[in-house]
Amino acid sequence: MMQHAARKRSMNILMFSVTGLFTLLTVGVLIFILGYLVWNGARSLNWSFFTKLPVPVGETGGGMANAIVGSGKVLLLATIAGVPLGFLGGVYLNEYGSSTMAFIIRYATDLLNGVPSIVMGIVVYGLIVRRMGHFSAFAGGIALGIMMIPIAVRSTEEFLHAVPASLREAALALGASKWKAIITVVIPAAFRGILTGMMLDLARVAGETAPLLFTALNNQFWSKGYNNPIATLPVMVYTYAIAPYDDWHRQAWAAGFVLLALVLMINIIARTIVSRGTRLPGA
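Residues numbered from 1 in each chain as written. Predicted model: local features only at pLDDT ≥ 70, side-chain atom pairs only at ≥ 80, totals over all residues. Heavy atoms only, no water.

What about the overall build of the chain?
And step 1. Along the backbone of the chain there are twelve helices and zero strands.
And step 2. The secondary structure elements of the chain, listed N-terminal to C-terminal, are α-α-α-α-α-α-α-α-α-α-α-α.
And step 3. By the compact-globule yardstick of 19 Å for 283 residues, the chain is too spread out, its C-alpha radius of gyration being 24 Å.
And step 4. In terms of principal-axis extent, the alpha carbons of the chain reach across some 70 × 60 × 40 Å.
And step 5. Taking all 283 residues of the chain together, 38% fall into the buried category.
And step 6. The long-range share in the chain, meaning contacts at least 24 apart out of those at least 6 apart in sequence, stands at 75%.
And step 7. On the chain, roughly 16100 Å² of surface is accessible, and the fraction owed to carbon and sulfur atoms is 72%.
And step 8. Where the 20 positive side-chain charges of the chain centre and where its 10 negative ones centre are 6 Å apart. (Helix = DSSP H or I, 4+ residues; strand = E, 2+ residues; numbered from the N terminus. Rg over C-alpha atoms; globule rule 2.2 N^0.38 Å. Buried < 20%, exposed > 50% of the residue type's maximum accessible area, 1.4 Å probe, protein only. Contact = heavy atoms within 4.5 Å. Areas by Shrake-Rupley, 256 points an atom, 1.4 Å probe, with all protein chains shown as cover. Lys, Arg positive; Asp, Glu negative; His and termini not counted. Charge placed at Lys NZ, Arg CZ, Asp CG, Glu CD.)

Notes on the nonpolar core
And step 1. Ranked by size, the top nonpolar core spans 26 residues in total, and within it Val74, Leu144, Leu160, Val205 and Leu212 carry the most contacts.
And step 2. Those elements giving two or more residues to this core turn out to be α3 (65-95), α6 (137-161), α8 (178-189) and α9 (191-206).
And step 3. By residue number, the principal contributor to this core is α6, which donates six residues.
And step 4. Counting 14 residues, the second-largest nonpolar core is a separate cluster that includes Phe49, Leu233, Met236 and Tyr240. (Core = buried A, V, L, I, M, F, W, Y, C linked by side-chain atoms within 4.5 Å.)

Some details on the packing of aromatic side chains
And step 1. One pass over the full model with this rule turns up nine aromatic pairs.
And step 2. Ring centres of tyrosine 92 and tyrosine 96 lie 6.2 Å apart, and the angle between their planes is 20°; this geometry places the pair in the stacked category.
And step 3. The partly exposed category is assigned to tyrosine 92, whose relative accessible area is 28%.
And step 4. Taking 6.5 Å as the distance between ring centres and 70° as the angle between the ring planes, the aromatic pair formed by tyrosine 125 and phenylalanine 214 counts as edge-to-face. Remark: phenylalanine 214 occurs in helix α10 (residues 210-215) and tyrosine 125 occurs in helix α5 (residues 117-132); sequence separation between them is 89 residues. (Phe/Tyr/Trp six-rings, centres within 6.5 Å; stacked < 30°, edge-to-face > 60°.)

A closer look at α3
And step 1. With 31 residues, α3 ought to run about 45 Å at 1.5 Å a step, and its terminal C-alpha atoms sit 44 Å apart, in line with that.
And step 2. Along α3, the helix axis deviates most sharply at glycine 82, where the bend reaches about 25°; the proline proline 84 sits within four residues downstream. (Expected span 1.5 Å × (residues − 1). Bend = angle between axes of the 7 residues up to and from the residue.)

Points about unusual backbone geometry
And step 1. For leucine 217, which is not glycine, the phi dihedral falls at a positive 60°.
And step 2. Its place among the elements puts leucine 217 in the loop between α10 and α11 (233-241).
And step 3. When its relative accessible area of 33% is taken as the criterion, leucine 217 is described as partly exposed.

Notes on the pattern of salt bridges
And step 1. Considering all chains together, one arrives at six salt bridges under this definition.
And step 2. Between arginine 154 and aspartate 110 there is a salt bridge; the shortest N-O distance is 3.4 Å. Here arginine 154 is found in helix α6, whereas its partner aspartate 110 is found in helix α4 (residues 100-113), with 44 residues between them in sequence.
And step 3. Relative accessible area serves as the criterion here: at 26%, arginine 154 is assigned to the partly exposed category.
And step 4. Because the salt bridges share partners, they merge into one network encompassing Arg106, Asp110, Arg154 and Glu157. (Salt bridge = Lys/Arg side-chain N within 4 Å of Asp/Glu carboxyl O.)

Focus: the environment of valine 263
And step 1. Tracing the backbone shows valine 263 in helix α12 (residues 246-275).
And step 2. When the C-alpha atoms of valine 263 and alanine 203 are compared, they prove to be 5.2 Å apart, with 60 residues separating the residues in sequence.
And step 3. Once residues lying within four places of it in the same chain are set aside, the contact partners of valine 263 are Ala203 and Ala206.

Remarks on the packing of α3 against α6
And step 1. Relative to each other, α3 and α6 sit at 30°, their axes nearing to 6 Å. Comparing their axes, α6 and α3 come out roughly parallel. As for the relative orientation of α3 and α6, their crossing is right-handed in sense.
And step 2. Here the residues of the contact of α3 with α6 are counted per class, giving 19 nonpolar, eleven polar and two charged. (Axes fitted to C-alpha atoms, helices over the stretch in contact; angles between N-to-C directions. Parallel < 35°, antiparallel > 145°, perpendicular 65-115°, else oblique. Left-handed = near helix turned anticlockwise from the far one by under 90°. Nonpolar A, V, L, I, M, F, W, Y, C, P; charged D, E, K, R; others polar.)

Some remarks on a nonpolar patch on the surface
And step 1. Taken together, the side chains of Val29, Phe32, Ile33, Tyr36 and Trp253 define a hydrophobic patch exposed on the protein surface, amounting to about 540 Å² of accessible area.
And step 2. Among the elements that make up the nonpolar patch, the one with the highest residue count is helix α1 (residues 2-42) (four residues).
And step 3. Turning to its location among the elements, tyrosine 36 is positioned in helix α1.
And step 4. We classify tyrosine 36 as partly exposed; its relative accessible area is 45%. (Patch = residues over 30% accessible without salt bridge, like charges linked within 9 Å, V, L, I, M, F, W, Y side chains within 5 Å.)

Structure, rendered in structure tokens:
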């Protein structure tokens, strides 16, 4: 008996040591990657990076002001295109999800979430870019919006599922119809969690490059509206990183650092929101 207890204690110590080792390795790799990016990116930033356009090939200086604005426009369009569909899909799956159609939607959503981003870009290229006859910010926003849908669906479903059934029953007992109970009680109770999921969804697509290469392409100048090719930070990072110019490499590091800061900021805001809970307003 004592030998068995000693053996079990030794196994627990071994498992704890192995788990700790893997944790240290994982955290160490993450710190190294982030530190390397911050070291190279932060020291490459200057005011011109945020205020000036790219300069012609062979010249030094300039910035990525157009790409910063372009990324904002594409992400805004992606949010408008993807979040409402994902939200409504999540509500349907959670509140009316016992039918065969709900099973098909849930399965298709999981498959869509696993589709490589470059494939998504090729599909949107064939459906929109070729028909329009040119690249555009609109096509880029649609590509990223489609990528946002499955994550928005699943996150909305999960947070709605976490709402206690007693809240639904109380609303129905007071005479509210099911759709009214969903709108006035269930969704407000899960609002913070749903908002968090949408923000993390936005952070997930913010750094995508492959779909934009097939849809928005690039632009060295300001792009008006959504019907023209547009510069975005991920594509500029790719373009500048593979170029043979040291100054472009410097700006690629700076753009990567800005993208990292954007994703980090979104994650911090999302975690702050969800840490406050998902209670009903005023509860």
